[in-house]
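Observations on the three-dimensional arrangement
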Amino acid sequence: SSPMEGIMKIREVAERDSTNMYAQFMLGYGAMMTGQFDRAIDRLKKVSTADPENTEAIFLLAEAYERAGNKTDAVKWYRIGKSKVINPQLQQAIDEKIKILQ
């Protein structure tokens, strides 16, 4: 089966049940990979708001904002993500990322 078939199945699930955060995340991730940052932001914001502990979605959302050229929201979401990780090296890397964006 082609990758597009997989995406279509996930999209069907997401449309049938918009509360399915896994489907929303996968579509957001897919949008990121194809450079559709606005679409990625829509999906990932849903996931990050519904599931505030989903750091994977939060950091992907921050990156989507960064790639879309929206530094303010990128910094905001990197900070939110940073507050949820305990690894000091990761926190330091996030701080350096934020410094570059400001």
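Our structure's up above, just so we're on the same page.
Keep in mind it's a predicted model, so treat the numbers as computed, not measured.

Reading the values: the criteria
- Residues numbered from 1 in each chain as written.
- Predicted model: local features only at pLDDT ≥ 70, side-chain atom pairs only at ≥ 80, totals over all residues.
- Heavy atoms only, no water.
- Helix = DSSP H or I, 4+ residues; strand = E, 2+ residues; numbered from the N terminus.
- Contact = heavy atoms within 4.5 Å.
- Expected span 1.5 Å × (residues − 1).
- Buried < 20%, exposed > 50% of the residue type's maximum accessible area, 1.4 Å probe, protein only.
- Axes fitted to C-alpha atoms, helices over the stretch in contact; angles between N-to-C directions.
- Parallel < 35°, antiparallel > 145°, perpendicular 65-115°, else oblique.
- Left-handed = near helix turned anticlockwise from the far one by under 90°.
- Nonpolar A, V, L, I, M, F, W, Y, C, P; charged D, E, K, R; others polar.

Along the polypeptide, serine 48 turns up in helix α3 (residues 37-50). Sequence-distant contacts of serine 48, defined by excluding residues within four places in its chain, comprise Ala57, Ile58, Leu61 and Trp77.

What follows deals with helix α5 (residues 71-82). Along its 12 residues, α5 runs 16 Å from first to last C-alpha, staying within 8% of the 16 Å computed at 1.5 Å per residue. For α5, the set of buried residues is Ala74, Val75, Trp77, Tyr78 and Gly81. Residues of α5 that are buried sit in contact with α3, α4 (55-67) and α6 (88-101).

A word on the packing of helix α2 (residues 21-33) against α3. Remark: α2 packs on α3, axes separated minimally by 8 Å, with the N-to-C direction vectors making an angle of 150°. The orientation of α2 relative to α3 falls into the category roughly antiparallel. When the axes of α2 and α3 are compared, the crossing they make is left-handed. Along its contact with α2, which presents Met21, Gln24, Phe25, Leu27, Gly28, Ala31 and Met32, the element α3 presents Phe37, Arg39, Ala40, Arg43, Leu44, Lys46, Val47 and Ala50. Of the residues in the contact of α2 with α3, the class split is 10 nonpolar, 2 polar and 3 charged.

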